[in-house]
Amino acid sequence: MNIKDLLLLNPESLLLIRENLDDLKPEEQQSLLEKVYSPGDLQQRVANVHFVLVLMHDAYQKNKKVFLEDIFFPWVEIQNKTKKNKSRIFNELSRLDEFTQDSLDDVIHIANIYRNIVSDLLDPYLTLIVSCYQLIEGSFTDINNANLGQAERNKYEFIISRIKPKNNELHLLYGYNPLVRNAISHLGSHGLLYKNGVITFRNIQRGSTLKVQAVRWSTREFNQHNLSLLECILSIDIAIEIFGLDISDLVAQDSETMFKFILHVLSGDQRSEIRLHQYEIFNKLRNSNQISEEEKLNVLSKLLFYNCGIRDMEIKQISFNNSQKAIILGIPVDYIDVNNDEQLISRCAEIPRYAILARSIFSNMYDTFLVEENDEVSKDTRISAIFQGQLLDEYIDEKAGLVDLLHNSAFFLAGNRIGIGVNFDNLEQLELESIQDPFPRKRN
């Protein structure tokens, strides 16, 4: 390792936007430093991190909004889902001392670790690299297609065709060998042969005519490939953390980007902390003895108009019925075909957003929230809906979902009740057949 390589290990030189780490919290600095300087192949880690960071910034420069909202944030959500797998794999690594070194039991244990790293970590981690190349090349559609549209071997071949490493050259995916991976996936009775410190991996294409492809590694080479796989995972983790620090100031500059950051990156507990902090801020105003009730309503109304505005949700007027503890929100008419059930349900699904924001701001000052489309020409009400505060609270706290708001609230068309029912059994079956996480709802 030369002096230039050592300089690259300095986290400050790895940052491509941020110039130093001085403005980070101590725990953020500590987390990054521990990852960068953790034991392992530091030279390979330096090369890996630099490669991944440059690739991410190239993709970011290609289309900043798409990269952040459709690749980076959703991939961090994928990364968070692998934490349990990562913890389990490191627990298995800690058990290596339980086996006699270079014994058959030792080799089989290492083989199972290799298999788990590839299937449980490398596969989803390569999604980030594939997505970056796809965005740069103009073929990116969405993160799910990049993640599940091809197996990890196809992802590997896709990336290798762009890296184009020379023979035996260390690179990001050096630890992966597709023949070894296939052999280990089906060890069975003939997938692995171990003798005199040499491991023979047999990739057997089964059928009436067997076809066998073999790879031989020494135990030292096997350990090197395992270490290289772990360096790949750790390097991407480091690059993600650094890039996250680089763009942290940019996230808050666009409301839609911020909303997607909150949705994909933050955990349920973190979102709950944000809601609690927001509630405490608004509660100081709601409970203040320094201003009149009329002034409170005026300020809170302005906050509602502002928050709706940054979400492109227009409000025409707001009024209060104090005797009924109700808020009435007038919104523009969306001139859909009300005889088309699909269009009607789609519009009804948009309307609760106004009540949710109003409940977040006014809290329990009011119990009932009426949202109604006001036709400015005829002065008639077209679609309207009544929401109860308790159900809105459950939605805000992620204990209920949109289907609950549709199912348990009252919707009207020109004053006539619209019957919106949800078959929760069918919904559950649809969720089982979908790759998307099920949305929260009261029946869960």
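Placed above this text is the structure.
Residue positions within a chain follow its written sequence, with the count starting from 1. Note on the predicted model: pLDDT of at least 70 is required for a residue's local features to be given, and 80 or more for side-chain atom pairs to be given and counted; whole-chain, interface and lining totals, by contrast, use all residues. Only hydrogens and water are set aside when side-chain values are computed; all heavy atoms of the structure are taken into account.

Participant: Help me out: how do you make sense of the pattern of salt bridges in this one?
Facilitator: A side chain with one charge may pair with a side chain of the opposite charge, provided their charged atoms come close. Salt bridge, as used here, is a side-chain nitrogen of Lys or Arg placed within 4 Å of a carboxyl oxygen of Asp or Glu. This structure, assessed with the given rule, holds 21 salt bridges. The partner of Glu398 in a salt bridge is Arg275, and the shortest N-O contact between them spans 3.1 Å. Here Arg275 lies in helix α13 (residues 268-286) and Glu398 lies in the loop between α17 (389-396) and α18 (402-408), a separation of 123 residues in the sequence. Residue Arg359 is joined to Asp393 by a salt bridge in which the shortest nitrogen-to-oxygen separation is 2.7 Å. One end of the pair, Arg359, is in helix α16 (residues 352-362); the other, Asp393, is in helix α17, with 34 residues separating them in the sequence. Here Asp393 falls in the partly exposed class, since its relative accessible area comes to 28%. Connected through shared salt-bridge partners, Lys65, Glu69, Asp70 and Lys260 make up one network. Counting from the N terminus, the helices are DSSP H or I runs at least four residues long and the strands are E runs at least two residues long. Residue exposure (1.4 Å probe, protein chains only): buried if accessible area is under 20% of the type maximum, exposed if over 50%, otherwise partly exposed.

Participant: Explain the packing of helix α4 (residues 42-62) against helix α7 (residues 104-137) to me, please; I cannot follow it from the model alone.
Facilitator: Helix-helix packing is described using two parameters, namely the angle between the two axes and the distance between the axes. Between α4 and α7, the least distance of the axes is 9 Å, while the angle of their chain directions is 40 degrees. One element, α4, and the other, α7, form an angle in the oblique class. The element α4 and its partner α7 pack so that their crossing is left-handed. Across the interface between the two elements, Phe51, Val52, Leu55, Met56, Asp58, Ala59 and Lys62 of α4 pack against Leu128, Ile129, Cys132, Tyr133, Leu135 and Ile136 of α7. In this classification, the charged set is Asp, Glu, Lys and Arg, the nonpolar set is Ala, Val, Leu, Ile, Met, Phe, Trp, Tyr, Cys and Pro, and all remaining amino acids, among them Gly, are polar. For the contact of α4 with α7, the per-class residue count stands at 11 nonpolar, no polar and 2 charged. In this description, a line fitted to the C-alpha atoms serves as the axis of each element, helices being fitted only across the stretch in contact, and the angle between N-to-C directions of two axes falls anywhere from 0 to 180 degrees. Just so you know how the angles are binned, under 35 degrees is roughly parallel, over 145 roughly antiparallel, 65 to 115 roughly perpendicular, and the rest oblique. Crossings are classed by handedness, with left-handed meaning an anticlockwise turn of the near helix from the far one by less than a right angle and right-handed meaning a clockwise turn. We call two residues contacting when some pair of their heavy atoms lies within 4.5 Å.

Participant: Even after reading the chapter, I still don't get helix α11 (residues 219-251), so can you show me in this structure?
Facilitator: Count 3.6 residues to each turn of an α-helix, and residues three or four apart come out pointing the same way. With 33 residues, α11 should cover 48 Å at 1.5 Å per step; its first-to-last C-alpha distance of 46 Å lies within 8% of that length. Taken as a whole, α11 carries its principal kink of about 35 degrees at Leu245. Burial of α11 is extensive: 24 of the 33 residues sit out of reach of the surface. By this rule the span expected of a helix is its residue count minus one, scaled by 1.5 Å. Two axes are fitted around each residue, one to the seven residues ending there and one to the seven starting there, and the angle between them is reported as the bend at that residue.

Participant: Help me out: how do you make sense of the nonpolar core in this one?
Facilitator: Soluble globular proteins: nonpolar side chains tend toward being buried together. By nonpolar core is meant a set of buried Ala, Val, Leu, Ile, Met, Phe, Trp, Tyr and Cys residues that side-chain atoms within 4.5 Å join together. With 68 residues, the main nonpolar core has Met56, Phe67 and Phe72 as its most contacted residues. The element that contributes the greatest number of residues to this core is α7, accounting for 17 residues. For Phe72, the residues in contact, after removing those within four places along its chain, are Met56, Phe67, Ile240, Phe243, Gly244 and Ile247. By size, the runner-up hydrophobic cluster in this structure holds 40 residues, among which are Leu329, Leu344, Ile351 and Leu406.

Participant: Got a minute to help me understand the sheet that holds strand β9 (residues 416-418) in this structure?
Facilitator: Strand pairs in the sheet, formed through backbone hydrogen bonds, run parallel or antiparallel to each other. Strand pairing requires that DSSP identify at least two bridges connecting the strands. As summarised here, the arrangement of the 6 strands in space is β4-β5-β6-β7-β8-β9, forming an open sheet in which the pairing is mixed. Whereas interior strands pair on both sides, the edge strands pair on one side only; in this sheet they are β4 (317-321) and β9. Averaged over neighbouring strand pairs, the angle between their axes works out to 25 degrees when direction is ignored. In the sheet, β4 pairs with strand β5 (residues 326-331) via 5 bridges, with the strands oriented antiparallel. Across the sheet, Gln317 pairs through a bridge with Gly330, a residue of β5. Here helix α14 (residues 293-309) sits on the sheet and contacts β4 and β5; the angle it forms with β4, its principal contact strand, is near 140 degrees. Running over the sheet, helix α15 (residues 341-350) touches β5, β6 (368-374), β7 (381-388), β8 (410-413) and β9 and is turned about 50 degrees from β7.

Participant: Is there a simple way to think about the sheet that holds strand β1 (residues 192-195) in this case?
Facilitator: Read across the open sheet, the 3 strands follow the order β1-β2-β3; overall the sheet is antiparallel. Single-partner strands in this sheet number two, and they are β1 and β3 (211-218). Geometrically, the sheet is characterised by an average inter-axis angle of 20 degrees between neighbouring strands, direction not taken into account. Note that strand β2 (residues 198-205) and β3 share 8 bridges and pair antiparallel. Bridging from a neighbouring strand, Ile204 pairs with Val212 of β3.

Participant: Where do I start with the packing of α7 against α11 in this structure?
Facilitator: In the contact formed by α7 and α11, the axes pass within 10 Å of each other and the chain directions differ by 30 degrees. Between α7 and α11, the crossing angle belongs to the class labelled roughly parallel. Crossing geometry of α7 relative to α11 is assigned as left-handed. Two secondary-structure elements touch here, α7 through Val107, Ile110, Ala111, Ile113, Tyr114, Ile117, Val118, Leu121, Leu122, Tyr125, Leu128 and Ile129 and α11 through Thr219, Phe222, Asn223, His225, Asn226, Leu229, Leu230, Cys232, Ile233, Ile236, Asp237 and Ile240. Looking at the contact of α7 with α11, its residues break down into 19 nonpolar, 4 polar and 1 charged.

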